[in-house]
Amino acid sequence: MSDETIQRLSTEGVDPLALAGVNDGNLVELAKRLGVRVSLRGDTLTLHGPQGAVERATQVAQALVDLARVGEPLDVNDVDRVVSEESLGTLGREMDGEYKIILPGLRRVIAPKTAGQREYLHAIAQHDIVIGIGPAGTGKTYLAVAAAVDALARKRVRRIILARPAVEAGESLGFLPGDLQEKVDPYLRPLYDALEDMMPRDRVQKAIETRTIEIAPLAYMRGRTLSDAFVILDEAQNATGMQMKMFLTRLGVNSRAVITGDKTQIDLVNREDSGLLQVERILPGIEGIGFCYLTDADVVRHRLVRDIIRAYAEDAQG
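Residues numbered from 1 in each chain as written. Predicted model: local features only at pLDDT ≥ 70, side-chain atom pairs only at ≥ 80, totals over all residues. Heavy atoms only, no water.

A. Region of the structure containing the overall build of the protein chain. If you tally the helices and strands in the protein chain, you get 11 helices and 11 strands. When burial is assessed residue by residue, the protein chain has 48% of its 318 residues classed as buried. Residue pairs in contact within the protein chain that sit at least 24 positions apart in sequence constitute 70% of those at least 6 positions apart. Here the protein chain has roughly 15700 Å² of accessible surface; of this, 50% comes from carbon and sulfur atoms. (Helix = DSSP H or I, 4+ residues; strand = E, 2+ residues; numbered from the N terminus. Buried < 20%, exposed > 50% of the residue type's maximum accessible area, 1.4 Å probe, protein only. Contact = heavy atoms within 4.5 Å. Areas by Shrake-Rupley, 256 points an atom, 1.4 Å probe, with all protein chains shown as cover.)

Structure (structure tokens):
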């Protein structure tokens, strides 16, 4: 058939297993989603099929090769997400050098996987305060922690401070068993998990002991000035307006802050008390403060997470 065409892409420097996936699952998914035949031999990925399908598949395959080249482990969910980006026309600039974060000591590179994540990391690089709003699974906290570890490694800041509202109902910890550390640990555990993904565990422990890294409930920020620090406030939708103002006015010289939250998961008794909703209303337009909105298109967890978020959103609309 004259419409049949072949396209070859170089995969030099790419781990073939990272690109192809378990049992070539990524290549099988690519072929299935875009109606092309795909083969990986040596340093060449070959696409074979109708011209239009091959043109689409080439963009998607190149994006996957770029992700694999910087050390990203890929699976069929990544293939699905990149195909969706191509359909929406948001595939764009796949890998900008300035957006890659090279983690010291782990031989890993963290790179944004979606257009929204690229904008988010760009905003963090360009602004002193960034407010990242979006649903679960979009990498809001993960990428912010990566940017903080990068800033610390480059000596742009002297410490990292990670804070969360300790519990939903205004930080009332008294009814929980255990001492204070045991009470707050479950609420701070996701921050420890993100950190331990970015740094060797012994280095995380040493940094916490020397207070180079501090992980604490938001209430502990009161009365302090946070200078030379990269400060992250996670789950900010559950901070009250007073707590949010207290947090924002803690920032000292040479400090940067990233505030992350999900407006669909406000656990305060009165939704309108959420400090995240208030800053969204009050702070736009102030130079040096950037707002970044991630959507279900930026979800990088299991593909069902994106579908679940959409289903809940549709139900909420009526």
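Moving on, there is more to tell.
B. Just the confidence of the model for the protein chain, in detail. Across the protein chain, the average pLDDT comes to 82, with 84% of residues at 70 or higher. Note that residues 93-98 has pLDDT below 50 and, in this model, 13 contacts with residues that lie over four places away or in other chains. Long-range and interchain partners of residues 168-180, a stretch whose pLDDT sits below 50, account for 22 contacts in this model, where long-range means more than four residues apart. (pLDDT = per-residue confidence, 0-100.)

C. Quick peek at empty space enclosed by the protein. What the rule picks out here adds up to 1 cavity of 30 Å³ or more. Taken as a whole, the largest cavity encloses approximately 40 Å³ of empty space. Lining the largest cavity are Leu19, Asn26, Leu27, Leu30, Leu45, Ala61, Leu64 and Val79. When residues of the lining of the largest cavity are traced back to their parent elements, those giving at least two are α2 (25-34) and α3 (51-69). The class makeup of the residues in the lining of the largest cavity is 7 nonpolar, 1 polar and no charged. (1 Å grid on protein atoms, 1.4 Å probe; cavity = no way out; pocket = protein on both sides within 12 Å on 5 of 7 lines; lining within 4 Å. Points joined across faces, edges and corners; volume = space filled by probe spheres on them. Nonpolar A, V, L, I, M, F, W, Y, C, P; charged D, E, K, R; others polar.)

D. Quick look at α2. Listed in full, the buried residues belonging to α2 are Asn26, Leu27, Glu29, Leu30 and Leu34. Along the long axis of α2, the arc covered by the buried residues comes to 160°, so they all point the same way. Within α2, the exposed residues directed more than 90 degrees away from the buried face are Val28 and Lys32. One or two residues past the end of α2 sits Gly35, with phi positive at roughly 70°. (Arc of directions from axis to C-beta.)

E. Representation of the sheet that holds strand β2 (residues 37-41). Strand order in the open sheet formed by 3 strands is β1-β3-β2, with antiparallel pairing between adjacent strands. Taken across any chain shown, the strands that pair with only one partner, and hence form the sheet edges, are β1 (4-10) and β2. Looking at each pair of strands side by side, their axes are set apart by 15° on average, direction ignored. Strands in contact with α2 are β2 and β3 (44-50); relative to β2, the strand with the most contacts, it is inclined by about 155°. Taken strand by strand, α3 contacts β1 and β3, and its axis lies near 160° from that of β3. (Pairing = 2+ DSSP bridges. Axes fitted to C-alpha atoms, helices over the stretch in contact; angles between N-to-C directions.)

F. Representation of the environment of Ala125 within the structure. Considering the arrangement of structural elements, one finds Ala125 in helix α5 (residues 115-126). Given a relative accessible area of 49%, Ala125 falls into the partly exposed group. The spacing of Ala125 and Ala147 is 22 residues in sequence and 8.4 Å in space, taken between C-alpha atoms.

G. Fine view of α5. With 12 residues, α5 should cover 16 Å at 1.5 Å per step; its first-to-last C-alpha distance of 17 Å lies within 8% of that length. Among all positions of α5, only Ala115, Gly116, Gln117, Arg118, Tyr120, Leu121, Ala123 and Ile124 are buried. (Expected span 1.5 Å × (residues − 1).)

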